[in-house]
Amino acid sequence: MEECISVFDMLKIGVGPSSSHTLGPWRAAERFLNELRDRNLLDQVQEVTVDLYGSLSLTGKGHATDLAVMLGLSGQDPEYIPVDQIDAIIQTIRDTHQLQLANTYSIPFQPDTHIHFHKNFLPFHANGLQFTAVTPQGNVTETYYSIGGGFVVKEERTNAKKKSALKCAFPFPVQTAADLLQYCLSEGKSISELVYENEKSMRSEEEIHRELMRIWNTMLECMYIGCHTEGTLPGGLNVRRRAYDMHQNLIGTLPYHSPQEWLEVIRKTEVKFRQILKWVSCFALAVNEVNAALGRVVTAPTNGSAGVIPAVLMYYMVIENHQASEKEIKQFLLVAGEIGSIFKKGSTISAAMGGCQAEIGVSSAMAAGALCELMGGTPEQVQMAAEIAMEHHLGMTCDPIGGLVQIPCIERNTMGAIKAINAAELALETDAKNAKVPLDKVIHTMWETAKDMNHKYKETSEGGLAIAVSLSDC
């Protein structure tokens, strides 16, 4: 079956620190509320319990999974909730032992007794969670799986879809990189042009423009906030924010009053090679420091890898092309989203399933391909850039210290961004006829590597740096 995945599925606005462990469970709670509402049971709920399994349990506290399900059950929307109100909402639940279900009905709720952490894994996916509502008509239990990038599924629906004859409604349904390239060649279109035609089959051109720019403006604001916020990240690792100091050293005392003015000021600064590396790193650090502090970011394709794509797009705008406008921004995001969707279809974007290669590796491939097209690359070279970026992330483990999306996650975004730029440059200097490894082959290899990887290196904090360095060491 051909799967339709929109650019807006791959680039979602939400709250950190994790798309699979925060945004996904949050959305699962929303779905549970909707199912209760559809059964006319929402106003009859007397109590709700939540059971977290596998990776959601092992690293759930560090990834704020418990907070996410409480916020979701409270009827809060991760896309629009004022992030400065999150702490107050959670504290009110803890102090009053009451939760405002769907922001309407008060029910008893104590996090320590109503949220249960189970180390065992459910068979369908590493990130399983179950909601049970007690009603006068009996208990209602639903199980969901957070499969990465904020995507949430139910096992029975997934199996049913496999048996159905439904086809993707896109005019150019893409399942593999080979499909994408074939359409580009037969239609005489670039990748971004082809993806745009697919998106137009689902929404108006005005909506596509508005939503792509909303995504970019969220990214820009996130970088701006990260570069202007100092202090220590929450969670117990005592990680000092570095983007603030790095930014101060780079920009000096130049005046500006908004993210857009800030962008223009950076464009006017004289930048040398070493400073380029610092600026790109600064942008990536800024995003993921905001993410680690439960700030608003764009899942690209995950929260843990949210800094790569904005950092590379900023690199293009402030280093490569000072005249870059909304046209180039939309072009970049369309290409990045499509590459990410192919990885999701052919492998995984979940660190709990594939390790960090599924997050930083995929985001680096997305950014590399998008940058390559903006710099004049052909569809073949775009795919080569994505392949090169992923090839050099194969086997990367996910081993967050203390289950927090901080060490090594934040720094890995800087590495992914730099590799993406390097991959794009290599592809632009290479005749596509000489490519030895097709993108589909590296996607397949990534999935085989994921299956072979020991589970303790898949976002469990049971291996690697997570056990070499403890919270007490920090």
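Up top is the structure these notes are about.
Numbering of residues starts from 1 in every chain and runs along the sequence as written. This being a predicted model, a pLDDT of at least 70 is required before a residue's local features are given, and a value of 80 or more before pairs of side-chain atoms are given or counted; all residues contribute to the totals for chains, interfaces and linings. Processing note: side-chain calculations cover all non-hydrogen atoms of the structure and skip hydrogens and water entirely.

Undergrad: Would you mind going over unusual backbone geometry with me for this structure?
TA: A negative phi angle characterises most non-glycine residues, just as the trans form characterises most peptide bonds. Following A300, the chain continues to P301 via a peptide bond in cis, the omega torsion being -5 degrees. Runs of H or I in DSSP of at least four residues are treated as helices and runs of E of at least two as strands, each being numbered from the N terminus. With respect to the helices and strands, P301 occurs in the loop between β9 (296-299) and α14 (308-320). That bond from I407 to P408 is cis: its omega, 5 degrees, falls within 30 degrees of zero. Note on placement: P408 falls in the loop between α18 (379-391) and α19 (409-428). A positive phi angle is found at H97, which is not glycine, with a value near 55 degrees. Note on placement: H97 falls in the loop between α5 (86-96) and β3 (98-101). In this structure, L294 takes a positive phi of about 60 degrees despite not being glycine. Assignment of secondary structure puts L294 in the loop between α13 (273-292) and β9.

Undergrad: Would you mind showing me how to read the pattern of salt bridges here?
TA: It is possible for side chains of opposite charge to pair when their charged atoms get near one another. We count a salt bridge whenever a side-chain nitrogen from Lys or Arg sits within 4 Å of a carboxyl oxygen from Asp or Glu. The final tally for this structure, using the stated rule, is 19 salt bridges. Of the charged contacts, one joins D77 and R27 as a salt bridge, the two residues approaching to 3.5 Å between their closest N and O atoms. In this pair, D77 is assigned in the loop between α4 (65-73) and α5 and R27 in helix α2 (residues 19-38), connecting sequence segments 50 residues apart. Here's how the labels work: a residue is buried when its accessible area is under 20% of the maximum for its type, exposed when over 50%, partly exposed in between, all with a 1.4 Å probe on protein chains only. The partly exposed category is assigned to D77, whose relative accessible area is 28%. Residue class for R27 comes out partly exposed when judged on its relative accessible area of 21%. In this structure, D399 engages R412 in a salt bridge whose closest nitrogen and oxygen atoms are separated by 3.5 Å. Of this pair, D399 sits in the loop between α18 and α19 while R412 sits in helix α19, and the two are 13 residues apart along the sequence. The pair formed by D399 and R412 is uniform in burial state, with each residue classed as buried.

Undergrad: Help me understand the packing of aromatic side chains, please; the structure alone is not making it clear to me.
TA: Aromatic rings considered in pairs are described by the distance between their centres and by the relative angle of their planes. Put simply, two rings from Phe, Tyr or Trp (the six-membered ring, in Trp's case) pair if the centres are within 6.5 Å, and we call them stacked under 30 degrees between planes, edge-to-face over 60, tilted for the rest. All told, the structure shown has 8 aromatic pairs when counted by the stated rule. On the numbers, 6.2 Å between centres and 75 degrees between planes, the contact of Y224 with Y256 is edge-to-face. Taken together, the residues span a long stretch of sequence, with Y224 in helix α10 (residues 205-227) and Y256 in the loop between α11 (243-251) and α12 (259-268) at a distance of 32 residues. Of the two residues, Y224 and Y256, both sit in the buried class. Through successive ring pairs, a cluster of aromatic residues spans Y224, Y256, W262, W279 and F283. Remark: a charge is flagged as sitting over a ring if the NZ atom of Lys or the CZ atom of Arg is within 6 Å of the ring centre and within 35 degrees of the ring normal. Over the aromatic face of F151 sits the side chain of K12, whose NZ or CZ is 3.6 Å from the ring centroid. Against the face of F151 rests K344, its NZ or CZ located 4.4 Å from the ring centre.

Undergrad: Just to check I follow, could you spell out the sheet that holds strand β7 (residues 138-148) for this structure?
TA: What holds strands together in a sheet is hydrogen bonding between their backbones, with the strands either parallel or antiparallel. For two strands to pair, DSSP has to find at least two bridges joining them. An order of β5-β2-β6-β7-β8 is seen for the 5 strands of this open sheet, with the pairing classed as mixed. Across the chains shown, the open sheet's two edge strands, defined by having one partner strand only, are β5 (115-118) and β8 (151-153). Averaged over neighbouring strand pairs, the angle between their axes works out to 25 degrees when direction is ignored. Sheet topology note: the strand β2 (residues 47-54)/β5 ladder contains 4 bridges and is parallel. Across the sheet, the residue bridging to Y53 is H118, located in β5. All axes here are fitted lines through C-alpha atoms, helices being fitted over the stretch that makes contact, and every angle between N-to-C directions spans 0 to 180 degrees.

Undergrad: Explain helix α8 (residues 177-187) here, please?
TA: Turn by turn, an α-helix covers 3.6 residues, leaving residues three or four places apart pointing in a common direction. Every buried residue belonging to α8 is among A177, L180 and C184, and all of these are buried. One side of α8 carries all its buried residues, which in axial view fall inside an arc of 65 degrees. More than 90 degrees from the buried face of α8, the exposed residues found are Q182 and L185. By definition in these notes, contact holds between two residues if any of their heavy atoms fall within 4.5 Å. Among the structural elements, α9 (191-200), α15 (326-346), α18 and α20 (439-452) are those in contact with the buried residues of α8. Remark: G188 follows α8 within two positions and exhibits a positive phi of approximately 65 degrees. Here the arc refers to the set of directions running from the helix axis out to each C-beta atom.

Undergrad: Looking at this structure, I do not really get the packing of α9 against α15. What am I missing?
TA: Each pair of packed helices can be summarised by the angle the axes make with each other and by the distance between the axes. The N-to-C vectors of α9 and α15 enclose an angle of 80 degrees; their axes lie 9 Å apart at closest approach. Taken together, the axes of α9 and α15 lie roughly perpendicular to each other. Listed contacts from α15 to I191, S192, V195, Y196 and E199 of α9 are Q331, L334, V335 and E338. Gly is placed with the polar residues, together with every amino acid not listed as nonpolar (Ala, Val, Leu, Ile, Met, Phe, Trp, Tyr, Cys and Pro) or charged (Asp, Glu, Lys and Arg). Here the contact of α9 with α15 is composed, by residue class, of 5 nonpolar, 2 polar and 2 charged. Under this scheme an angle from 65 to 115 degrees is roughly perpendicular, one under 35 degrees roughly parallel, and one over 145 degrees roughly antiparallel; angles in between are oblique.

Undergrad: What should I look at first to understand the state of the cysteines in this one?
TA: Covalently bonding the sulfur atom of one cysteine to the sulfur atom of another cysteine gives a disulfide. Whenever a pair of cysteine sulfur atoms sits within 2.5 Å, that pair is classed as a disulfide. Taken as a whole and assessed by the stated rule, the structure comprises 0 disulfides. The structure places no disulfide on C184, whose sulfur is separated from the nearest cysteine sulfur, that of C372, by 12 Å. Free cysteine: C409, not disulfide-bonded; nearest cysteine sulfur from C398 at 6.0 Å.

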